[in-house]
Amino acid sequence: MLRKAVMITASLALALGAIGIGTTPSGAESGTHCTFQHVPNLNPGLSYKPSNGTFTDPGGGTAKCEGAVSGSGDYTDSGTVSGTCQGGGVAEGDPTFTVGGQTFTDHVKITFGKPSTKGGIVHADFEGEKTKGSIELTPTKGDCIINPVTQVKGVGEFMLK
């Protein structure tokens, strides 16, 4: 069955994930594996107190896909996030991803808060209509205790469904 591909990125700190997604062109088959990284900003940021806010990826994120959709590209994304650094939470985003000279968009939901087992501080799982993956998050601005985490680096992977 022919599918659209989706690039995911989630980023939030000490338990947050922000998202970046892209879809493959119509006619692309599933089985594509993608890796990605990006550094979104969080507003007002995450701390030990529950909050609701937004995330915005200012650009500079990268992705690489191999399979039915192959190539490298960049993306931007934005969305909403709620939760805490310690307890985790949820996020949703609507990223735009360019790979192989084509630009795509999708909507994803993520859950964050588990300890990372792959090199970050926090682990997040995400899923959209056409993709499913995970991301490891590390704060780059803020510490969650004295200062809210307002920026994170996310490194992850996903498979097209």
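Please refer to the structure placed before this passage.
About the thresholds
- Residues numbered from 1 in each chain as written.
- Predicted model: local features only at pLDDT ≥ 70, side-chain atom pairs only at ≥ 80, totals over all residues.
- Heavy atoms only, no water.
- Helix = DSSP H or I, 4+ residues; strand = E, 2+ residues; numbered from the N terminus.
- Contact = heavy atoms within 4.5 Å.
- Areas by Shrake-Rupley, 256 points an atom, 1.4 Å probe, with all protein chains shown as cover.
- Buried < 20%, exposed > 50% of the residue type's maximum accessible area, 1.4 Å probe, protein only.
- Polar contact = N/O pair within 3.5 Å; in protein donor to acceptor, adjacent residues only side chain to side chain.

**Remarks on the overall build of the protein**
For the protein, the count of helices and strands is 0 helices and 15 strands. Look at the contacts in the protein between residues 6 or more apart in sequence, and 57% of them connect residues 24 or more apart. Accessible surface, the protein as shown: approximately 7,100 Å² in total, 52% of it carbon and sulfur.

**Describing the environment of Lys109**
The residue Lys109 is located in strand S12 (residues 108-115) in this model. On the accessibility criterion, Lys109 (52% relative accessible area) is exposed. A sequence separation of 28 residues divides Lys109 from Val81, and the C-alpha atoms of the two residues are 9.9 Å apart. In contact with Lys109, other than residues within four places in its own chain, are Ala91, Glu92, Asp125, Phe126 and Glu127.

**What about the side chain of Thr32?**
You can see Thr32 is positioned in the loop between strand S2 (28-29) and strand S3 (33-38). On the accessibility criterion, Thr32 (0% relative accessible area) is buried. Among the polar contacts made by the side chain of Thr32, one reaches the main-chain amide nitrogen of Ala68 at a distance of 3.1 Å. Here Val69 takes part through its backbone nitrogen, which lies 3.1 Å from a polar atom of the side chain of Thr32.

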